[in-house]
Structure formats: structure tokens, C-alpha cells
Amino acid sequence: MAFISSEHWQLKGSLKCFINYINNKESLQMYFKNCVKNYTLSKTEETKIVDKNFQQKEVSLIGDIVIVKSPNDPKSKICKRVIGLEGDKVCTSNPSDFLKSHSYVPKGHVWLEGDNLRNSTDSRCYGPVPYGLIRGRICFKIWPLNDFGFLRASPNGHRFLDD
Amino acid sequence: MLRNVLGKTFRFLGYTVQYGCIAHCAFEYLGGIVVCSGPSMEPTIQNSDIVFSENLSRHFYCIRKGDIVIVKSPNDPKSKICKRVIGLEGDKVCTSNPSDFLKSHSYVPKGHVWLEGDNLRNSTDSRCYGPVPYGLIRGRICFKIWPLNDFGFLRASPNGHRFLDD
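Residues numbered from 1 in each chain as written. Chains lettered and ligands numbered in written order. Predicted model: local features only at pLDDT ≥ 70, side-chain atom pairs only at ≥ 80, totals over all residues. Heavy atoms only, no water.

The name that an unreviewed UniProt entry assigns to chain B is Mitochondrial inner membrane protease subunit, with the source organism given as Aptenodytes forsteri. Under the UniProt heading Subcellular location (unreviewed entry), the entry covering chain B gives this text: "Mitochondrion inner membrane". Chain B has a UniProt comment under Subunit (unreviewed entry) that states "Heterodimer of 2 subunits, IMMPL1 and IMMPL2." (UniProt positions renumbered as here; feature names shortened; annotations may be inferred.)

Chemist: Residues and numbers for the overall build of chain B, please.
Modeler: If you tally the helices and strands in chain B, you get three helices and ten strands. From first element to last, N terminus to C terminus, chain B shows the α and β order α-β-β-α-β-β-β-β-β-α-β-β-β. Relative to the compact-globule value of 15 Å for 166 residues, chain B shows a C-alpha radius of gyration of 20 Å, a clear excess of over 25%. The principal-axis extents of the C-alpha atoms in chain B amount to approximately 80 × 40 × 25 Å. Counting across all 166 residues of chain B, residues that qualify as buried make up 43%. Considering only contacts in chain B between residues 6 or more positions apart, those separated by 24 or more positions represent 55%. Summed over its atoms, the accessible surface of chain B is roughly 9,200 Å², and 61% of this surface lies on carbon and sulfur atoms. (Helix = DSSP H or I, 4+ residues; strand = E, 2+ residues; numbered from the N terminus. Rg over C-alpha atoms; globule rule 2.2 N^0.38 Å. Buried < 20%, exposed > 50% of the residue type's maximum accessible area, 1.4 Å probe, protein only. Contact = heavy atoms within 4.5 Å. Areas by Shrake-Rupley, 256 points an atom, 1.4 Å probe, with all protein chains shown as cover.)

Chemist: Which residues make up the overall build of chain A, and what values go with them?
Modeler: Check the secondary structure of chain A and you find two helices and nine strands. Secondary structure elements of chain A occur, N-terminal to C-terminal, as α-β-β-β-β-β-α-β-β-β-β. Considering only contacts in chain A between residues 6 or more positions apart, those separated by 24 or more positions represent 57%.

Chemist: Explain the pattern of salt bridges to me, using residue names and the numbers behind them.
Modeler: All names here are of chain B. This structure, assessed with the given rule, holds twelve salt bridges over all chains. Between E28 and R58 there is a salt bridge, and its shortest N-O distance comes to 3.3 Å. Separated by 30 residues along the polypeptide, E28 in helix α1 (residues 2-30) and R58 in helix α2 (residues 56-59) bring together distant segments of the chain. Accessibility classification places E28 together with R58 in one group, the buried group. Between K144 and D150 there is a salt bridge, and its shortest N-O distance comes to 2.6 Å. (Salt bridge = Lys/Arg side-chain N within 4 Å of Asp/Glu carboxyl O.)

Chemist: Which residues make up the sheet that holds strand β1 (residues 65-69) of chain A, and what are the values?
Modeler: Residue and element names in this part refer to chain A. Strand order in the open sheet made by the five strands is β6-β5-β2-β1-β7, with antiparallel pairing throughout. Single-partner strands in this sheet number two, and they are β6 (129-130) and β7 (134-138). Bridge count for β1 against strand β2 (residues 77-84) is five bridges, and the pairing is antiparallel. Along β2, the bridge assignment pairs K69 with K77. (Pairing = 2+ DSSP bridges.)

Chemist: Could you give an account of the environment of L115 of chain B, naming the residues involved and the relevant values?
Modeler: All names here are of chain B. Inspection of the secondary structure assignment puts L115 in strand β7 (residues 112-116). Sequence spacing of L115 and V132 is 17 residues, and the spatial spacing of their C-alpha atoms is 7.4 Å. The contacts of L115, once residues within four sequence positions are left out, are V69, V71, K83, R84, V85, I86, D125, S126 and V132.

Chemist: Give me α1 of chain B: which residues, what numbers.
Modeler: Over its 29 residues, α1 of chain B extends 41 Å from the first C-alpha to the last, a length consistent with the 42 Å expected when each residue adds 1.5 Å. Just beyond α1 of chain B, the residue with positive phi is G31 of chain B, at close to 160°. (Expected span 1.5 Å × (residues − 1).)

Chemist: Describe the pairing of β1 of chain A, naming the residues involved and giving the relevant values.
Modeler: Residue and element names in this part refer to chain A. For β1, the buried fraction is high: five of the five residues fall into the buried class. Going residue by residue along β1, you find I65, I67 and K69 tucked away on one face and V66 and V68 tucked away on the opposite face as well. Relative to β7, β1 is paired through four bridges, and the arrangement is antiparallel. Residue pairing across strands places V66 opposite R137, the latter belonging to β7.

Chemist: Tell me about the UniProt feature "domain: Peptidase S26" (unreviewed entry) in chain B, and please be specific about residues and values.
Modeler: Residues and elements named next belong to chain B. Within this structure's numbering, the places UniProt gives as "domain: Peptidase S26" (unreviewed entry) are residues 16-97 and 103-146. Across residues 16-97, the secondary structure splits into 23% helix and 32% strand, with the terminal C-alpha atoms separated by 51 Å. Helix makes up 9% of residues 103-146 and strand 45%. Its end C-alpha atoms lie 38 Å apart.

Chemist: Outline the side chain of K69 of chain A, listing residues and values.
Modeler: Following the sequence through the fold, K69 of chain A ends up in strand β1. On the accessibility criterion, K69 of chain A (13% relative accessible area) is buried. Not counting the four nearest positions on each side in its chain, K69 of chain A is found in contact with P74, S76, K77, L133 and R135 of chain A together with R58 and G135 of chain B.

Chemist: Could you give an account of the packing of aromatic side chains, with specific residues and numbers?
Modeler: The full count for this structure, using the stated rule, is six aromatic pairs over all chains. A centroid spacing of 5.1 Å and a plane angle of 85° characterise the contact between F140 of chain A and F148 of chain A, whose relative ring orientation is edge-to-face. Assessed through its relative accessible area of 27%, F140 of chain A is described here as partly exposed. A ring pair is formed by F143 of chain B and F151 of chain B, whose centres lie 5.2 Å apart and whose planes are at 85°; its orientation type is edge-to-face. Residue F151 of chain B is classed as partly exposed on the basis of its relative accessible area, which comes to 47%. Here the aromatic residues F140, F148 and F150 of chain A are joined through ring pairs into a cluster of three or more. (Phe/Tyr/Trp six-rings, centres within 6.5 Å; stacked < 30°, edge-to-face > 60°.)

What follows is the structure, encoded as C-alpha cells:
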């Protein structure tokens, strides 16, 4: 293309495009937004692979913390943990309820819950979320430095139902 | 000689990366060409029609009632579907089929849209899977490119009666 003539403009243009590409994948940018849950330092048994192209159905997302476009407000993003994939049985009632109710996650959807079950609006409130709204997966904590490292597993292990 | 070849290779790679980034940004933020398949949008869009879709409307949140949009399928995240927006959040929509005796209505929840194909008799749309979150919208179809005898802007919905003015 003839209009890209000066080298300076070429470099600036490609750098901007590259930065835009990285931002668009939202692997770095989204991490600094607020989350509902509290993470603390611990060791995790699973090895989390730092990858940008996680959006493949073959990779299991159960137990991962994901960034999702909010189903109620498309301008904002939310950060929750994946409790169930399509076809999984999930517990839709709150832990404090007397009668437990279960349901199956429909095709193409995921069930999200915050780690802080008492103070989290998640799938228990707005139902299963389409997989297509997932924007990225959180794999690593950078700040604060005393909590640097991989994220721990869910403190609510009882919410994962093995069918 | 080797330096010459290496220099040319690196320059080639540099141009590839540059143009790749520009192309990616163009497809992501501006729009692209889409080949549609399926009968659910007839007569507006036939099978194997080629259309141009733009992404600016979705980023600026100005998708309007009556627009034809490309949406990630809520049931199958790997595929995209092409439907018309019948109702935005807060709008009243008719959830029953035209052939039903008793009509039922509901309001589109916040952050969602109601989609229907123009070919109401042969279209799985929001009447089947419910309102679709706005975040799944990928682009808005604005222009038909192929076939040439149908070149131009897309016509309005043939199902005007589906748009309920509250």
C-alpha cells in the first residue's frame, strides 16, 4: 500500500496495532479491574497454563476464573469462577436455603459463581451465561506483591457437583 | 549475500506483521464481508448472499430496532447467526407464534435484545431460545454485495406487525 511511506509512521502504526491487538485480547488489561472475590496466597495443585487462546471447548474451564461481559449491562465486565459447563448439574439454591434445587446447564452456556457466595450476584441471580460472552481467563496475580503467583482453587469445593 | 537475504526476510516479516495488525483492527473495529447461509432471513437475505457488516454500531451501542445483526449463537458459541432486532431492552415483544390462538407478550430484560428471522415460519430465533444478551452481538449488516441484481441497502422488515409500539 503506497500510503505508508515514511518509516516513522510505519513503526508507530504497527506498534499501535500491536498494542491494540494485545488489549483486545484483554489478557493484561482486564486484570486490574475490580473483582467481587478476595484472593489470598496459597498453593494450587493444578498447573494453570498462561495462554491467550483459551477459548476452545476442548480445554476444561471448570474451576477457572473468567472475565465475562455482563449479561445485564453490556458495557461492563464481571469476574467470576466457572462452576459448571454445558450439561453439568449445578445447585441453583443458596447455601442458606433449606430446600436444595438443582438444574442442568443448557447447551452453549456456563454457570458462574463468585467465591464470596454471600456477597456476589452471579448465575444464582441471572441464570446461566452464554459461553460467547466469556472474554478471558485469569491465570496470574501480579499485585499486591505479597500475593504474587497463581490463583488458588475455589474455597467452595462443595459447589462443584460431580454428576 | 547472506545479510541481503536476511534483511529482505526481516523486512518481509515486518510488513506481514504490520498489515496483519492493520487487517485485524479493521475486521475487529470497522467491519468485514460475511457470507450468509440458511433460509431464516428470506426474502431479505437469501442463501449464499454476500453482505458487508460493520462493527462500529456495536462498539458505540447504537444498534436500533429493525437492524439486521450478526450474533454469536447462544446455543453454539462457535457459530454465528444472522437475525433482525425486534426489541431492545425494556420493549414489549410478542413471544407467541403468529399461528397461535392465544398471544403472549413479555418485556425484554435489561442488557438483552429480541431477535427474529424475517422468514418467521422457518427460523429458530428468540421465540425458541429467548432474549439474547447484547454482548453477543458482533456486527450490524448494512449492505448487500452479492448477488448484483440485489446490490444495495437492505430493505425493511416484511413483518412490520412484529414491532410492537408500547
